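Results of the structural survey
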Amino acid sequence: MGQTLAEKILSQKAGRRVEAGELVVVEVDQVMVVDSIAGSFIRRLEYLEASPRYPERVSIVIDHVAPAANLEVAKAQKEIREWAGRHGVRVFDVGRGVCHQVLMEEGLAQPGWIVVGSDSHSTTYGAVAAFGTGMGATDVALAAASGRTWLRVPETVKVVFRGRLPKGVTAKDAALEMVRLLGADGATYMAVEIHLLEGAEGLTLGERMTLANLTVEAGAKAGLVVPSGEVLARYEVPPWLFPDPEARYAKTLEIDLSALTPRVSVPFYVDNVHEVTAVKGKRVDQVFIGTCTNGRIEDLRAAAEVLRGRKVAPGVRLLVIPASSQVLEEAARDGTLLTLLEAGATIGTPGCGPCMGRHMGVLAPGEVCVSTSNRNFRGRMGAPDAEIYLASPRVAAASAVAGYLTTPEELEEVHA
Ligand SMILES: CC(C)[C@H](C(=O)O)[C@@H](O)C(=O)O
Ligand code: SF4
């Protein structure tokens, strides 16, 4: 019988053929810990009187509250640096960027690897068919201490994207549509295996990251994109890392990219996805372009394209936080940054920015934010009644110019 990608990766790592439902103990290729969880992670290791078994397989990223926003955070970050120094663990410090973007740029997620992260969006590594998964501080600490972890081999949902995206429609819209169809708990503890067919293979690495990133919003344990296109060109993909035609799936879902329109996820649930036209005209106070979902150079360029020669509407704050220092450098080099600044954007330190409501753009009661991130839960960015609408960088940029939720295409019509 055939195997899914998740079954194949876990079989390789377990050294025996395994199937969905079985328990396995596997070697972990990379353990990723973020600043907010690092304190608990260190405490667990201290409690066990343990240190990382393979320090070179551990990365700590200071990204969620970076630079430190207050004394407590500053002390916690100091402890991280000191502990990492003692144990020979690498730290990506303030300004390097969002954990998932940084690990990908650093080549610390490779096809067929298992990456255990202290962060739920560790599914992002599935863009290169790495089994990336988020776990709590205790499990992550045990993975660091032993170099291994245990997993129940997940069932798999197959999601097939066919065709090419129409002009003005993005991978974010496709990802939101996937979450809508799956539902917020539609893939709980399952692997989402993404097949790109009939033109969809053209999706870039960044676009694949956006898709894999959002799979966790349907509850996925991992989101694995079948390697093709740019991934085959840029990575070494082992020959076994392709799904078998007879693999068994819990369910299959098909999405026709060529028929897609711009989407928005309406508060307070990520799967509450509608066409932008359904909520068009919603007043906006803040627009946030960034995060592990959509803070890459292509996202900043897409926003700049909409903003070129235009100004952010009076009273609207446009925050742009590049996902990494590399993205920021690239944006500085190619002029994207200047276009954003001329339009009235505020640029923040690469990292998570206000995504989690900890700093750099917290929302006041009653405020409305259009964000390119992945979560719009109640209170996520500040006040419990503040509203977050999740959309693509294009829609976010157009909304910043209009002062209300809209698409670039509708902006054109208004101005014509
Ligand atoms: C802080 C971290 C644990 C958290 C996560 O797990 O995802 C954050 O990144 C988020 O997006 O909510
Ligand atoms: S950018 Fe947002 S979603 Fe991504 S890791 Fe940071 S807080 Fe989590």
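Keep in mind the model is a prediction, meaning the values are calculated, not measured.

**Topic: the overall build of the chain**
Helix and strand content of the chain: 15 helices and 18 strands. Compactness check: the chain gives a C-alpha radius of gyration of 21 Å against a globular reference of 22 Å for 416 residues, within 12% of the reference. By its C-alpha atoms, the chain is 65 × 55 × 40 Å across when sized along the principal axes. Looking at the chain alone, contacts between residues at least 24 apart form 78% of all its contacts between residues at least 6 apart.

**Comments concerning the pairing of strand β15 (residues 317–321)**
With four of five residues buried, β15 is to be regarded as a mostly interior element. Bridge count between strand β14 (residues 286–290) and β15: five bridges; the pairing is parallel. Each bridged residue has a counterpart across the sheet, and for Phe 288 the counterpart in β15 is Leu 319. The sheet contact formed by β15 and strand β16 (residues 346–347) spans two bridges and is parallel. In the sheet register, Val 320 faces β16, and the bridge partner there is Ile 347.

**Things to note about the domain arrangement of the chain**
What the domain assignment reports for the chain is domain 1 (5–258) and domain 2 (263–415). Opposite the 33 residues of domain 1 that make contact, domain 2 presents 31 residues. Put simply, the parts of the chain that give the side of domain 1 that touches domain 2 at least two residues each are α4 (99–105), α6 (171–182) and α7 (205–214). A per-element tally of the side of domain 1 that touches domain 2 places α6 first, with six residues. Among the residues forming the side of domain 1 that touches domain 2, the class breakdown is 11 nonpolar, 14 polar and eight charged.

**Section: the sheet that holds strand β9 (residues 190–197)**
Spatial strand order, β10-β9-β8-β11: four strands in an open sheet with parallel pairing. Among the strands making up the open sheet, the edge pair consists of β10 (222–225) and β11 (251–256). When the angles between neighbouring strand axes are averaged without regard to direction, this sheet yields 20°. The pairing of β9 with β10 spans four bridges and is classified as parallel. Across the sheet, Ile 194 pairs through a bridge with Val 225, a residue of β10. Docked against the sheet, α6 engages β8 (155–162) and β11, running at close to 140° with respect to β11.

**Quick look at the pairing of strand β5 (residues 114–117)**
Of the two faces of β5, the one carrying Ile 114 and Val 116 and the one carrying Val 115 and Gly 117 are both buried. Of the strand pairs in this sheet, strand β2 (residues 30–34) and β5 are connected by three bridges, and their pairing is parallel. What sits directly across from Met 32, in β5, is Gly 117.

**Examining the UniProt feature "binding site: [4Fe-4S] cluster" (unreviewed entry) in the chain**
When the UniProt feature table is mapped to this numbering, "binding site: [4Fe-4S] cluster" (unreviewed entry) covers Cys 292, Cys 352 and Cys 355. The greatest C-alpha distance among the residues just named is 9.6 Å, despite their covering 64 residues of sequence, which places them together in space. When you line up the elements, Cys 352 lands in the loop between β16 and β17 (368–371). Leaving out residues up to four positions away in the same chain, Cys 352 has contacts with Asp 63, His 64, Val 98 and Thr 291. Tracing the sequence through the fold places Cys 355 in the loop between β16 and β17. Of the residues examined, Cys 355 has 28 C-beta atoms within 10 Å and is grouped as buried.

**Quick word on the site of ligand 2**
Near ligand 2 the following residues occur: His 64, Val 98, Cys 99, Asp 119, His 121, Thr 291, Cys 292, Cys 352, Cys 355, Met 356, Ser 373 and Asn 374. Counted by class, the shell around ligand 2 contains six nonpolar, five polar and one charged residues. Residue-level mapping places the shell around ligand 2 at the junction of two domains, with at least three residues from each of domain 1 (5–258) and domain 2 (263–415).

**Let's talk about the site of ligand 1**
The immediate surroundings of ligand 1 are formed by Val 34, Ser 36, Ile 37, His 64, Asp 119, Ser 120, His 121, Gly 134 and Met 356. Grouping the constituent residues of the shell around ligand 1 by class yields three nonpolar, five polar and one charged.

**Thoughts on the nonpolar core**
Counting residues in each nonpolar core, the largest one holds 136 residues, and the members touching the most others are Val 287 and Ala 303. The residues touching Ala 303, leaving out its near neighbours within four places in the chain, are Ile 289, Leu 340, Pro 393, Arg 394, Ala 396 and Ala 397.

The rules behind each value
Numbering of residues begins from 1 in every chain and follows the order in which that chain's sequence is written. Chain A is the first chain written and ligand 1 is the first ligand written, with later ones labelled in order. Residues qualify for local features only when their pLDDT is at least 70, as the model is predicted, and side-chain atom pairs are given and counted only at 80 or more; totals for whole chains, interfaces and linings, by contrast, use all residues. Numbering of helices and strands runs from the N terminus; a helix is a DSSP stretch of H or I covering at least four residues, while a strand is a stretch of E covering at least two. Every radius of gyration here is taken over C-alpha atoms, with the globule rule written as 2.2 Å times N^0.38, N being the number of residues. Two residues form a contact once the distance between their C-beta atoms, set from the backbone, is within 7 Å. Note on burial: count the other C-beta atoms lying within 10 Å of the residue's C-beta; 20 or more is buried, 12 or fewer is exposed, in between is partly exposed, and C-beta positions come from the backbone. In this scheme, strands are said to pair when DSSP sees at least two bridges between them. Boundaries between domains were set according to an automatic or database domain assignment. All residues other than Ala, Val, Leu, Ile, Met, Phe, Trp, Tyr, Cys, Pro, Asp, Glu, Lys and Arg, Gly among them, are scored as polar; the first ten of these are nonpolar and the last four charged. To obtain an axis, a line is fitted to C-alpha atoms, over the contacting stretch when the element is a helix, and the angle between two such axes runs from 0 to 180 degrees between their N-to-C directions. UniProt positions are given in the numbering used here, feature names are shortened, and annotations may be inferred rather than shown by experiment. Each residue gets a C-beta atom placed from its backbone. Should that atom fall within 6 Å of a molecule or strand, the residue is termed near it. One nonpolar core equals one set of buried Ala, Val, Leu, Ile, Met, Phe, Trp, Tyr and Cys residues connected by C-beta atoms within 7 Å.

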